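So you can see what is in the structure, the chains are spelled out below.
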Amino acid sequence: LLVGISWGSSLYHMVEAFSPVRKLQADVVQLMGGLGARDLSMDGINLAYRLSGKLDGKCHVIQAPLIVQDGSLRDRLLQEPDIRTTLQLAASVDIAFVGIGSSHPESNALVRSGHLSGEQSDKLLRSGAVGNVLGRQIDVMGRLCVVPLNERIVGLDPAKLKEIPVVVAVASGVRKAEVILGAIRGRYINALVTDEAAAHGLLSLTGRSLSREA
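The model shown is predicted, which means the values in this text are computed figures rather than measured ones.

**Comments concerning unusual backbone geometry**
Even without being glycine, L134 reaches a positive phi, approximately 55 degrees. The topology assignment puts L134 in the loop between β5 (131–133) and β6 (136–138). Despite not being glycine, R187 has its phi angle at roughly 60 degrees, a positive value. Residue placement: R187 occurs in the loop between α7 (177–185) and β8 (191–193).

**Some thoughts on the pairing of strand β2 (residues 27–30)**
As paired elements, strand β1 (residues 2–5) and β2 share four bridges and run parallel to each other. Each residue of the ladder has a partner; that of I5, found in β2, is Q30. Following the chain from β1 across helix α1 (residues 9–17) to the adjacent parallel β2, one finds a crossover that is right-handed. Strand direction decides the pairing type here: β2 and strand β3 (residues 59–60), joined by two bridges, are parallel. When the bridges of β3 are listed, V28 appears paired with C59.

**Regarding the nonpolar core**
Within the largest apolar cluster, 48 residues are counted, with the highest numbers of intra-cluster contacts made by V98, I100 and L161. For this core, the secondary-structure elements that each account for two or more residues are α4 (81–90), β4 (95–102), α5 (109–112), β7 (166–170), α7 and α8 (196–205). With four residues, the single largest contributor to this core is α7. Residues within four places of L161 in sequence aside, it is in contact with V98, V133, L134, L156, V167 and Y188. Core analysis: the next-biggest nonpolar cluster, separate from the first, contains 14 residues, V15, L47, L51 and F97 among them.

How each quantity is defined
- Residues numbered from 1 in each chain as written.
- Predicted model: local features only at pLDDT ≥ 70, side-chain atom pairs only at ≥ 80, totals over all residues.
- Heavy atoms only, no water.
- Helix = DSSP H or I, 4+ residues; strand = E, 2+ residues; numbered from the N terminus.
- Pairing = 2+ DSSP bridges.
- Right-handed = clockwise from strand over helix to strand, strands pointing away.
- Core = buried A, V, L, I, M, F, W, Y, C linked by side-chain atoms within 4.5 Å.
- Buried < 20%, exposed > 50% of the residue type's maximum accessible area, 1.4 Å probe, protein only.
- Contact = heavy atoms within 4.5 Å.

Shown next as structure tokens:
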């Protein structure tokens, strides 16, 4: 079994709470570059390492930052043998756990980690980018946004998620509703772990309601 994981606070809590009843000997692959020293606890490197320990498997990490200076540097990094090999492995995982990021400044993990300012996040939101999947900004219809930030991301191409058998998004909060809907519409995910606030927000966007008796 080969497991992929991205990064984020929700995935951090998932990994912390995870307690397998038996050893699976599953390897874990980091799906996108690291946040660096600004927020090690929810960094993909840390999550991949901790999860692989609980699964009694090997850990495969991407030795590169999530966001680099420009697209040309990103392209050169993707040609590095170690990074290329890890991303090829990431594309072949059996199950992937991904965080879903919001572009709302108050809910944006990239703002909290210092990679974006609140103004930059707000600008993305106003341009139609409701959030991100694997660091790439998408709109509410699931289309990749044409923004410079998307050219600076080191990690698995979100299109590759569509070829992975099981892709579980782990996200919570009403601010995540739009980007969760975009991820569903874009077919980047096929399973979802969320909370009631996000579920109500998601259903309201689609004109439905959540029965408390369901």
